[in-house]
Amino acid sequence: MEIHVNQIEKRSWIEINLSQLRANYEIYKKSLKRNAEIMAVIKADAYGHGDVQVARMLSGLGVKLFAVSNIDEAVGLREAGIKGEILILGYSSPVYTQTLCDLDLTQAVVSETYAAQLANTGFPVKCQFAIDTGMNRIGIDGDDAKHCEQVIRNYKEKLKVNGFFTHLCVADSDDESDKEFTSGQLTKFKTIVDLVADLNLPYKHCFNSAGGLRYLDESDYFSGFGEIVRLGIVLYGLKPDIRNVIPEGIAPALTWKSVLSMVKPVHAGEYIGYGRTFKVERESLIATVATGYADGLSRHLSNRGFVMINGQRAPIVGKICMDQTLVDVTDIPDVAIGMHAILLGKSGQLKYSADDMALDLGTIGYEVMCNIAKRVQRFYVNSYRDYL
Ligand SMILES: *Cc1c(COP(=O)(O)O)cnc(C)c1O
């Protein structure tokens, strides 16, 4: 018996528009004030979009630099045939140095102690030092530029050091003190860039999506470290901060859909769902959406969020369940079993993005996207017009 389970008709699924992702990449690159190369940040399964698919599409456009969060992601990309530089931004245990070498992966060096551990394994791991310029997350202390220089020179040959990087933690903010802070981070980084200029290390980078758009310009100040931008969130059409303005034409590439498994009348005075948190006040029509918190729909949207059906909002009523969610469709005409509910994306004139959902949840679009569960199957489509 042949089993067909790969059609785009599930209980909960995502459609990813590769044309939109491509447009986002091209528009972002063009809107940079300096001609910089893009390092595509495809950690966390490309922010939920599928790292292999996204890397393949970008490779086709000439992208040769990728960043991931861990060695498993890096190995997955190599196994899928992705070429080019793959930088692992976070810690990998030194037990993996042979794998790192065999697969020609680049490891971020999070501290001096870690550099020594890697070097002690005897494998000449390709590395880039993380420099801490104020975030206090990872990296060697950027306040002591001389020491950073010394460390980089010391490990240049013991490990195969081909560059270093830092991370901006408030590049998306309009606050004056945050702007000053970012300038301070850039100054610290530049000082180290200048001290080791003679080494001609090819990879020196500090800009995330927001930094590239808001700080990088064509002035000489950035020569030596403004040639690479690590593009993450804006590639996926979302904003680093909800208040940011991103270039025209960049839009979310992802639509999250589900199906109505049941539509039924519920009488005034009855209750909905676990905990009886919603009391029906009028003769109502309630639909069951086949998506729940195990799919990544935050339970915090219970009695607050909505889904879109036929271009109209259907409010979530009651507590979101593990696999199902109840919505009020009383005011939407002709709702029937099998119809689609849009959780994120566009429906008629309505739009609701991960950024919008994040605002409703008090978080950021990054988290909304990463929380969409693996069991929500990803499908790849190529039509622009659905999403603009
Ligand atoms: C995640 C990450 C990025 C990408 O940041 P966006 O805000 O998504 O552009 C860049 N650099 C590092 C080190 C990161 O961890």
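Residues numbered from 1 in each chain as written. Predicted model: local features only at pLDDT ≥ 70, side-chain atom pairs only at ≥ 80, totals over all residues. Heavy atoms only, no water.

## A word on the site of the ligand
All residues in the neighbourhood of the ligand are listed as V41, K43, Y47, L89, R137, H167, N208, S209, R230, G232, I233 and Y366. Note that a nitrogen atom of the ligand is positioned 2.7 Å from one of the side-chain N or O atoms of R230. Contact between the ligand and Y366: an oxygen atom at 2.7 Å from a side-chain N or O atom of the residue. Within the complex, 93% of the 390 Å² of free accessible area of the ligand lies under protein. Of the residues that constitute the shell around the ligand, the class distribution is five nonpolar, four polar and three charged. (Near = heavy atom within 4 Å. Polar contact = N/O pair within 3.5 Å; in protein donor to acceptor, adjacent residues only side chain to side chain. Areas by Shrake-Rupley, 256 points an atom, 1.4 Å probe, with all protein chains shown as cover. Nonpolar A, V, L, I, M, F, W, Y, C, P; charged D, E, K, R; others polar.)

## A closer look at the pairing of strand β3 (residues 65–68)
Both faces of β3 are covered, namely the face carrying L65 and A67 and the face carrying F66 and V68. In this sheet, β3 lies alongside strand β2 (residues 37–41) in parallel orientation, the contact comprising three bridges. Counted as the bridge partner of A40 is F66 from β3. Sheet analysis places β3 next to strand β4 (residues 85–88), joined by four bridges and oriented parallel. When the sheet's bridge partners are listed, F66 is paired in β4 with I86. After leaving β3, the chain enters helix α4 (residues 71–79) and then returns to the sheet as β4, a path that is right-handed. (Buried < 20%, exposed > 50% of the residue type's maximum accessible area, 1.4 Å probe, protein only. Helix = DSSP H or I, 4+ residues; strand = E, 2+ residues; numbered from the N terminus. Pairing = 2+ DSSP bridges. Right-handed = clockwise from strand over helix to strand, strands pointing away.)

## Overview of the confidence of the model for the chain
Looking at the chain, pLDDT values average 96 and 97% of them are 70 or higher. Scored below 50 in pLDDT, residues 384–388 shows 16 contacts in the model against residues more than four places distant or in partner chains. (pLDDT = per-residue confidence, 0-100. Contact = heavy atoms within 4.5 Å.)

## Side note on helix α6 (residues 112–120)
Listed in full, the buried residues belonging to α6 are Y114, A115 and L118. Viewed end-on, α6 has its buried residues packed into an arc of 105°, placing them on one side of the element. In α6, the exposed residues that point more than 90 degrees away from the buried face are T113 and N120. Along its buried surface, α6 packs onto α5 (97–102), β5 (106–109), β6 (126–132) and α7 (145–158). (Arc of directions from axis to C-beta.)

## Structural notes on the packing of α6 against α7
The N-to-C vectors of α6 and α7 enclose an angle of 10°; their axes lie 11 Å apart at closest approach. It follows that α6 is roughly parallel to α7 by the angle criterion. Taking contact as the criterion, the partners of E112, A115, A116 and A119 in α6 are, on α7, H147, V151, Y155 and K158. Residues of the contact of α6 with α7, tallied by class, amount to five nonpolar, one polar and two charged. (Axes fitted to C-alpha atoms, helices over the stretch in contact; angles between N-to-C directions. Parallel < 35°, antiparallel > 145°, perpendicular 65-115°, else oblique.)

## Considering helix α1 (residues 18–31)
The end-to-end C-alpha distance of α1, which contains 14 residues, comes to 20 Å, matching closely the 20 Å that a straight helix rising 1.5 Å per residue would cover. Buried within α1 we find L18, S19, Q20, L21, A23, N24, Y25 and Y28. Its buried side turned inward, α1 meets β1 (12–17), β2, α3 (51–60), α9 (209–214), β10 (228–231) and β20 (377–381). Backbone nitrogen of S19 and a side-chain oxygen of the N-cap are separated by 2.9 Å at the start of α1; the cap is N17. (Expected span 1.5 Å × (residues − 1).)

## What to know about the packing of aromatic side chains
This model, assessed by the stated rule, comprises 11 aromatic pairs. Ring geometry for F189 and F225: centres 5.8 Å apart, planes at 65°, overall edge-to-face. Here the residue F189 occupies a position in helix α8 (residues 176–195), and F225 occupies one in the loop between α9 and β10, the gap between them amounting to 36 residues. Among the aromatic side chains, those forming a connected cluster through ring pairs are F164, F189, F207, Y221, F222 and F225. (Phe/Tyr/Trp six-rings, centres within 6.5 Å; stacked < 30°, edge-to-face > 60°.)

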